[in-house]
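Notes for the structure review
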Amino acid sequence: MNLNRLACLAWDGNEAPIGGVAIITSLECSRLHRMATSKKPTVLLVDDDSMMRNVLKIILKSEGYRQIDEASNGEEAIAQCLRLRPDLVLLDINMPKMTGLQALEGIRKASPTTLVLMVSAESTLDKVDEALKKGAAGFVVKPITAANVLAKIESCLKRRANP
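Residues numbered from 1 in each chain as written. Predicted model: local features only at pLDDT ≥ 70, side-chain atom pairs only at ≥ 80, totals over all residues. Heavy atoms only, no water.

Points about the overall build of the chain
What counts here: Only DSSP runs of H or I with at least four residues qualify as helices, and only runs of E with at least two residues qualify as strands; both kinds are numbered from the N terminus onward. Here the term buried applies to any residue with accessible area under 20% of the maximum for its type, exposed to any over 50%, and partly exposed to those in between, with areas from a 1.4 Å probe on protein chains only. Any two residues whose heavy atoms approach within 4.5 Å at even a single point are treated as in contact.
Helix and strand counts for the chain come out as six helices and seven strands. If you list the helices and strands of the chain from N to C, you get β-β-α-β-α-β-α-β-α-β-α-β-α. Residues classed as buried in the chain amount to 39% of the 163 residues present. Excluding contacts between residues fewer than 6 apart, the proportion of contacts in the chain whose partners are at least 24 apart in sequence is 57%.

In structure tokens:
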């Protein structure tokens, strides 16, 4: 049997076939298996821009994150955190009804163990400092790249695991 090439079914994580049978290398198959069997943190994406939420969701799904919820403003975010207790929140600063910095305080009260990573174009030193003082685990500056978002998430999760 040739272990360098395997026939695997491509799944989207919801047990629905998306590509039928695909020929992939054993290394790729190992990565898919790790993604399917490892427990990824649960995530809440909070941004009033649905396109930004979709971009973040695509980035996270490409890395094996499966439980990804969304909120379009700070009030929804706090309510979702009370209900879901996500492991991680990616939170924009400029939103209607309640700023991300106001929501950050509510999220920290509603779900104290949840890590909050700010994702915003508003990255003045004052805003970053305020977010960190209010309990944000980190800050990603828009425009984002997949590499930057994933690196910052990984860094925050490692710091949490090894304080």
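Describing the sheet that holds strand S4 (residues 68–71)
As a reminder, the rule being used: Following DSSP output, two strands are said to pair if at least two bridges run between them. Lines fitted to C-alpha atoms define the axes, with helix axes restricted to the stretch in contact, and inter-axis angles between N-to-C directions lie between 0 and 180 degrees.
Pairing in this open sheet of five strands is parallel, and the strands run S4-S3-S5-S6-S7 from one edge to the other. Edge positions in the sheet fall to S4 and strand S7 (138–141), since each has one partner strand and no second. Mean inter-strand twist for the sheet, computed between neighbouring axes without regard to direction, equals 20°. Direction of pairing for strand S6 (residues 115–120) relative to S7: parallel, over a ladder of four bridges.

So, the pairing of strand S5 (residues 88–91)
Residues Leu88 and Leu90 point to one face of S5 and Val89 and Leu91 to the other, with burial holding for every one of them. Examined bridge by bridge, strand S3 (residues 43–46) and S5 share four bridges and lie parallel to one another. The residue of S5 that forms the bridge with Leu44 is Val89. Bridge count for S5 against S6 is four bridges, and the pairing is parallel. Bridge pairing in S6 links Leu88 to Leu115.

Describing the confidence of the model for the chain
For residues with low pLDDT, the predicted coordinates do not support detailed interpretation. We apply this condition: pLDDT expresses, on a scale from 0 to 100, how confident the predictor is about each individual residue.
Averaged over the chain, the pLDDT score is 83; the fraction of residues at 70 or greater is 77%. Residue range residues 1–24 is modelled with pLDDT below 50. Its contacts to residues more than four positions away, or to other chains, number 36 contacts. Contacts for the low-pLDDT stretch residues 27–35, under 50 throughout, to residues beyond four places or in other chains number eleven contacts.

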